Amino acid sequence: QVQLVESGGGLVQPGGSLRLSCAASGISLDYYAVGWFRQAPGKEREGVSCISSTDGSTYYTDSVKGRFTISRDNAKNTVYLQMNNLKPEDTAVYYCATERLTCSVAGGSLSYYAFDYWGGGTLVTVSS
């Protein structure tokens, strides 16, 4: 019954921008932290960003700070990831995922095992 659906991926040139959306059904994102993760072929899954439900606090991995912005629209039950100044190394499948209330961070990284529900992913390709 719970579904998370990502959208907004595509092909962009270096320096371009995309906005990813994570639309939820079966749960209210009012009560969940929402994280964005990415995985490139042959590479480990990486936590990119997260927004908590309790106070709206945010997390960003160092490589995207200043370029990416996470936000939520509770009326639409949707979380967004605005990605600016994209680089080839940002190329990956991007997934959104939820956990209750607060983003779990350990050692400076999002703890993927703490997230309960996952979307199917959207592909972002950054290439000239």
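Everything numeric in this text was worked out from a predicted model, so none of it was measured.

(A) Representation of the overall build of the protein within the structure. Scanning the protein for helices and strands turns up zero helices and 13 strands. For the protein, the share of sequence-separated contacts (at least 6 apart) that also reach a separation of at least 24 residues comes to 61%. As displayed, the protein offers around 6400 Å² of accessible surface, 46% of which is attributable to carbon and sulfur atoms. Taking the 10 positively charged and 11 negatively charged side chains of the protein as two groups, their mean positions are separated by 4 Å.

(B) A look at the packing of aromatic side chains. For the structure shown, the criterion picks out four aromatic pairs. Between the aromatic rings of F37 and F115, the centroid separation amounts to 5.1 Å while the plane-to-plane angle is 85°, which identifies the pairing as edge-to-face. In this pair, F37 sits in strand β4 (residues 32-39) while F115 sits in the loop between β11 (109-110) and β12 (117-118), placing the two residues 78 residues apart along the sequence. Given a relative accessible area of 5%, F115 falls into the buried group.

(C) Representation of the pairing of strand β3 (residues 18-25) within the structure. Here strand β1 (residues 3-7) runs beside β3; their pairing, made up of five bridges, is antiparallel. Bridged to Q3 within β3 is S25. Bridge count for β3 against strand β8 (residues 78-83) is six bridges, and the pairing is antiparallel. By the bridge assignment, C22 is partnered in β8 with V79.

(D) Representation of the state of the cysteines in the model. For the structure shown, the criterion picks out two disulfides. Each disulfide pairs two cysteine sulfurs, and for C22 the partner residue is C96, the sulfurs being separated by 2.1 Å. Given an S-S torsion of about 70°, the disulfide between C22 and C96 has right-handed geometry. Of this pair, C22 sits in strand β3 while C96 sits in strand β9 (residues 92-100), placing them 74 residues apart in sequence. Neither C22 nor C96 differs from the other in exposure class; each is buried. Through a disulfide, C50 is tied to C103; the S-S separation comes to 2.0 Å. Judged by the sign of its S-S torsion, about -95°, the cystine formed by C50 and C103 is left-handed.

(E) Spotlight on the side chain of R67. One can find R67 in the loop between β6 (58-60) and β7 (68-73). Exposure remark for R67: the relative accessible area of 8% places this residue in the buried category. Within the local environment of R67, its side chain forms a polar contact with the backbone oxygen of S63, the two atoms lying 2.9 Å apart. Among the polar contacts listed, one links the side chain of R67 to the side chain of D90, at a separation of 2.8 Å. With residues near it in sequence (within four places) discarded, R67 still touches Q82, M83, N84, N85, L86, K87 and D90.

What counts and how
Residues numbered from 1 in each chain as written. Predicted model: local features only at pLDDT ≥ 70, side-chain atom pairs only at ≥ 80, totals over all residues. Heavy atoms only, no water. Helix = DSSP H or I, 4+ residues; strand = E, 2+ residues; numbered from the N terminus. Contact = heavy atoms within 4.5 Å. Areas by Shrake-Rupley, 256 points an atom, 1.4 Å probe, with all protein chains shown as cover. Lys, Arg positive; Asp, Glu negative; His and termini not counted. Charge placed at Lys NZ, Arg CZ, Asp CG, Glu CD. Phe/Tyr/Trp six-rings, centres within 6.5 Å; stacked < 30°, edge-to-face > 60°. Buried < 20%, exposed > 50% of the residue type's maximum accessible area, 1.4 Å probe, protein only. Pairing = 2+ DSSP bridges. Disulfide = S-S within 2.5 Å. Polar contact = N/O pair within 3.5 Å; in protein donor to acceptor, adjacent residues only side chain to side chain.

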